[in-house]
Amino acid sequence: GRNGQNVQGKIREMCVADQGYIFFEPDLSQSDARFVAYESEDQDYIANVESGKDTHCLHAAHFFKESYEHILKEYKADNPHYAADVTGVRAITKRLVHGSNFQMTGITLYITMGRPAVLSMAKALGFKDAHTGDQKRLFARCQNVLDDYHNLYKGLRPWFSARYRDWE
């Protein structure tokens, strides 16, 4: 099954709750990002999640070096380069952020995103020959973007380090 919040809007009406139960929206918008921002106490991350802006488009602007306004406009216009479910810039960014927040490595991110999305990401990053490279190079591209995310939010690495140290 799929996560209910990720079911496309046009087919959600097909979901019917069992008798005596109701569906409701328990998830806050981008809740894992909010959790990580506040728990890590990274003020830049907190400012972004509280800005009222689409944080996936904000992060896409950082990764892909385009303006937030342009990415948001093209996403809302359903331009496939920005809005496609798997290979669109916003969807790719969403996976990158989740990957970072769940401490994925480049290899794990590659596996969870899938080759088509990683190739689209690499091409959007300016690597026009991404399709000619071997898998290790694509793993490295994924790791580079994860590292870039941690460079954007300086509080993440220390927070993750302390958090995992406490679990030992």
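Residues numbered from 1 in each chain as written. Predicted model: local features only at pLDDT ≥ 70, side-chain atom pairs only at ≥ 80, totals over all residues. Heavy atoms only, no water.

1. A short note on the overall build of the protein
A count of helices and strands for the protein gives 10 helices and 0 strands. Scanning the protein from its N terminus toward the C terminus, one meets helices and strands in the order α-α-α-α-α-α-α-α-α-α. In the protein, which comprises 168 residues, the share counted as buried stands at 38%. Pairs at least 24 residues apart make up 52% of the contacts formed inside the protein by residues separated by at least 6 positions. A total accessible area of about 10300 Å² is found for the protein, and carbon and sulfur atoms account for 53% of it. (Helix = DSSP H or I, 4+ residues; strand = E, 2+ residues; numbered from the N terminus. Buried < 20%, exposed > 50% of the residue type's maximum accessible area, 1.4 Å probe, protein only. Contact = heavy atoms within 4.5 Å. Areas by Shrake-Rupley, 256 points an atom, 1.4 Å probe, with all protein chains shown as cover.)

2. Concerning the packing of helix 3 (residues 55-64) against helix 9 (residues 135-152)
The geometry of helix 3 relative to helix 9 is characterised by a closest axis approach of 11 Å and an angle of 110° between their N-to-C directions. Judged on the interaxial angle alone, helix 9 and helix 3 are roughly perpendicular. Both helix 3 and helix 9 take part in a crossing whose hand is right-handed. From helix 3, His59, His62 and Phe63 reach across to helix 9, where they touch Val145, Asp148, Tyr149 and Leu152. (Axes fitted to C-alpha atoms, helices over the stretch in contact; angles between N-to-C directions. Parallel < 35°, antiparallel > 145°, perpendicular 65-115°, else oblique. Left-handed = near helix turned anticlockwise from the far one by under 90°.)

3. As for the confidence of the model for the protein
Per-residue pLDDT for the protein averages 87, and the proportion of residues at 70 or more is 88%. Here helix 10 (residues 156-166) stands out as the least confident element of the protein, with mean pLDDT 81; helix 4 (residues 68-76) is the most confident, with 97. (pLDDT = per-residue confidence, 0-100.)

4. Here's the deal with unusual backbone geometry
Negative phi is the rule for most residues except glycine; trans is the rule for most peptide bonds. Positive phi, normally seen in glycine, also occurs at glutamate 41, with a value near 60°. Topologically, glutamate 41 is positioned in the loop between helix 1 (31-40) and helix 2 (43-49). Within the chain, lysine 65 stands out as a residue other than glycine whose phi angle is a positive 55°. The topology assignment puts lysine 65 in the loop between helix 3 and helix 4. Under the relative-accessibility criterion, lysine 65 is labelled exposed at 61%.

5. Some points on the side chain of histidine 150
In this fold, histidine 150 is placed in helix 9. Leave out the neighbours within four places in its chain, and histidine 150 touches Ser100, Gln103, Leu156, Arg157 and Phe160.

6. Notes on the packing of aromatic side chains
Taken as a whole, this structure holds 8 aromatic pairs when the rule is applied. Look at tyrosine 45 and tyrosine 149: their rings are 6.0 Å apart centre to centre, the planes differ by 90°, and that puts the pair in the edge-to-face class. Within this pair, whereas tyrosine 45 is found in helix 2, its partner tyrosine 149 is found in helix 9, the two being separated by 104 residues in sequence. Each member of the pair, tyrosine 45 together with tyrosine 149, is buried. (Phe/Tyr/Trp six-rings, centres within 6.5 Å; stacked < 30°, edge-to-face > 60°.)

7. As for the nonpolar core
Tyr45, Leu96, Met113 and Met121 are the most contacted members of the largest nonpolar core, which has 39 residues in total. Non-local contacts of tyrosine 45, meaning those with residues more than four positions away in its chain, are made with Ala33, Val36, Ala37, His59, Val97, Asn101, Tyr149, Tyr153 and Leu156. (Core = buried A, V, L, I, M, F, W, Y, C linked by side-chain atoms within 4.5 Å.)

8. Brief notes about the environment of valine 145
By the element assignment, valine 145 lies in helix 9. Those residues in contact with valine 145, other than ones at most four positions away along the chain, are Phe63, Leu96, Met121 and Leu125.

9. A word on helix 8 (residues 115-124)
Looking at helix 8, one finds that the buried residues are Ala117, Val118, Leu119, Met121 and Ala122. In the stretch just after helix 8, glycine 126 is the one whose phi turns positive, near 105°.

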